[in-house]
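Remarks on the overall topology
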Amino acid sequence: EELIELVKAVKFKHPDMSIRNVHREITEQMSQTSSKAESGEGEDYTFLLNVKLNDVKKVWKKATFRSDAKQSNNSNNNAIGTQSSSSGGAAAAAAFPSLPISGGSDGG
């Protein structure tokens, strides 16, 4: 959905923005812009005035989950690399690079 992509774009630019601030950015700032050239061709973004806060709330998790998952995946990969180098499990880390490794290898 286009709204998910729009929310992701705003969150990419302003990662610490709340739902209300993202909604405000879309309805107040982005709706006032247009890509119309002097020739009169282009897109008008005034339709963004109609985006409701509830609509933003509905897509918020979908839009932010993907970016949070990427950050979490990066931190998991860093942890795996650190642990595998210290425990000698480089082969296991290479075979399962995206799996988080628990703290110990007590077998159960």
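A brief report on the enclosed structure follows. (Residues numbered from 1 in each chain as written. Predicted model: local features only at pLDDT ≥ 70, side-chain atom pairs only at ≥ 80, totals over all residues. Heavy atoms only, no water.)

So, about the side chain of H23. Take H23: it is sitting in helix α2 (residues 19-29). If near-sequence neighbours (up to four positions away) are discounted, H23 is found in contact with V51, K52, L53 and V56. (Helix = DSSP H or I, 4+ residues; strand = E, 2+ residues; numbered from the N terminus. Contact = heavy atoms within 4.5 Å.)

The packing of two helices is summarised by the inter-axis angle and the distance between the axes. Interhelical geometry of helix α1 (residues 2-13) versus α2 gives an angle of 110° and a closest axis separation of 10 Å. The orientation of α1 relative to α2 falls into the category roughly perpendicular. Within the contact between the two elements, α1 uses L3, L6, V7, V10 and K11 and α2 uses V22, E25 and I26. When the residues that make up the contact of α1 with α2 are grouped by side-chain class, the tally is six nonpolar, no polar and two charged. (Axes fitted to C-alpha atoms, helices over the stretch in contact; angles between N-to-C directions. Parallel < 35°, antiparallel > 145°, perpendicular 65-115°, else oblique. Nonpolar A, V, L, I, M, F, W, Y, C, P; charged D, E, K, R; others polar.)

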